[in-house]
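Chain by chain, the residues run as shown.
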Amino acid sequence: MTSKSDNAKQKMDTGGDCRVGFGFDSHRFSHDRKLHLCGLEIPDHPGLAGHSDADCALHAVIDALLGALALPDIGELFPSTDPKWKGVPSRLLVQTVLGLVLQRFPDFELVNLDLTLITESPRIAPHKEAMIASLSELLGVPRERISVKGKTNEGMGWIGKKEGMAALCALSARI
Ligand SMILES: [Zn+2]
């Protein structure tokens, strides 16, 4: 006789599972760097300091993806002490992570993605459609299943003082 927990285990072993992931990232602005968000270069704005191109939007997406699957996080996979990842476009990190995910979960499918960028500048609205298109291409998710929202921090704290910006990402996936 199979118990309820055996059934649950069998379901996990054979896939069909639904997962939710959440990711957060933040970086300090740096005047001698270019700004990269969602895999796009945003012109005429200070960039973000970091080991890679410091695309905090993609870093939040990566951690949400890895979190959904309970895999090691972005800092464990791409340590800032490893010269291999110095200055690399975060698009490449996303592609590397998707490769790992598909190796481990061949039926993996990203269902939807909800991203919030918190910054006093640049304004996100003018870049929103291009960001959604970039994420859609990079992650293989239809545009209508991707949301990108920009918010300010109402002048409060380190974000309000324009010291840096933050990104939050929630997503769901099937494995
Ligand atoms: Zn980061």
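Refer to the structure above for everything that follows.
Residues numbered from 1 in each chain as written. Predicted model: local features only at pLDDT ≥ 70, side-chain atom pairs only at ≥ 80, totals over all residues.

### Comments concerning the sheet that holds strand β1 (residues 18-37)
Overall, mixed pairing links the five strands, which are arranged β2-β1-β5-β3-β4 in an open sheet. Two strands in the sheet have a free side with no partner beyond their single neighbour: β2 (40-48) and β4 (146-151). Sheet twist, expressed as the average angle between the axes of neighbouring strands with direction ignored, equals 30°. Of the strands in this sheet, β1, β2, β3 (109-118) and β4 are in contact with helix α5 (residues 128-139), which crosses β4 at around 140°. (Pairing = 2+ DSSP bridges. Helix = DSSP H or I, 4+ residues; strand = E, 2+ residues; numbered from the N terminus. Axes fitted to C-alpha atoms, helices over the stretch in contact; angles between N-to-C directions. Contact = placed C-beta atoms within 7 Å.)

### Points about the environment of Ala-57
Here Ala-57 is to be found in helix α2 (residues 56-68). C-beta crowding within 10 Å serves as the criterion here: with 28 such atoms nearby, Ala-57 is assigned to the buried category. Once residues lying within four places of it in the same chain are set aside, the contact partners of Ala-57 are Leu-37, Cys-38, Leu-115, Leu-117 and Ala-167. (Buried ≥ 20, exposed ≤ 12 C-beta atoms within 10 Å, placed from the backbone.)

### A look at the nonpolar core
Residues Ala-57, Ala-60, Val-61, Ile-62, Leu-113, Leu-115 and Cys-169 are the most contacted members of the largest nonpolar core, which totals 37 residues. Within the residue set of this core, elements represented by two or more residues are β1, α2, α4 (90-104), β3, α5, β4 and β5 (164-174). Among the elements that line this core, the one with the most residues is α2, at ten residues. Look past the residues within four positions of Ile-62 in its chain and what remains in contact with it is Gly-23, Ile-74, Leu-93, Val-94 and Val-97. (Core = buried A, V, L, I, M, F, W, Y, C linked by C-beta atoms within 7 Å.)

### Here's the deal with the environment of Pro-43
Here Pro-43 is to be found in strand β2. Each C-alpha atom of the pair Pro-43 and Pro-122 lies 9.6 Å from the other, and the pair is 79 residues apart in sequence.

### Remarks on unusual backbone geometry
Here the residue pair Ser-121 and Pro-122 is connected by a cis peptide bond, since its omega of 0° sits within 30 degrees of zero. One non-glycine residue, Ala-70, lies in the positive phi region at around 55°. Turning to its location among the elements, Ala-70 is positioned in the loop between α2 and α3 (74-77). Phi is positive for Glu-154, which is not a glycine, with a value near 55°.

### A few points about the packing of α2 against α4
Packing of α2 against α4 leaves a shortest axis separation of 10 Å and a crossing angle of 10°. Taken together, the axis directions place α2 and α4 in an arrangement best described as roughly parallel. When α2 is examined against α4, the residues Leu-58, His-59, Val-61, Ile-62, Leu-65 and Leu-66 are found in contact with a partner set consisting of Ser-90, Leu-93, Val-94, Val-97 and Val-101. Here the contact of α2 with α4 is built from residues that sort into nine nonpolar, two polar and no charged. (Parallel < 35°, antiparallel > 145°, perpendicular 65-115°, else oblique. Nonpolar A, V, L, I, M, F, W, Y, C, P; charged D, E, K, R; others polar.)

### Description of α4
Residue pairs three or four apart in sequence face the same way in an α-helix, which turns once every 3.6 residues. Its 15 residues give α4 an end-to-end C-alpha distance of 21 Å, which sits within 8% of 21 Å, the value for a rise of 1.5 Å per residue. Listed as buried for α4 are Ser-90, Leu-93, Val-94 and Val-97. The buried residues of α4 occupy one face: seen down the axis, they fall within an arc of 100°. Exposed side chains of α4 directed beyond 90 degrees from the buried face belong to Gly-99, Leu-102 and Gln-103. Those residues of α4 that are buried are in contact with β1, α2 and α5. (Expected span 1.5 Å × (residues − 1). Arc of directions from axis to C-beta.)

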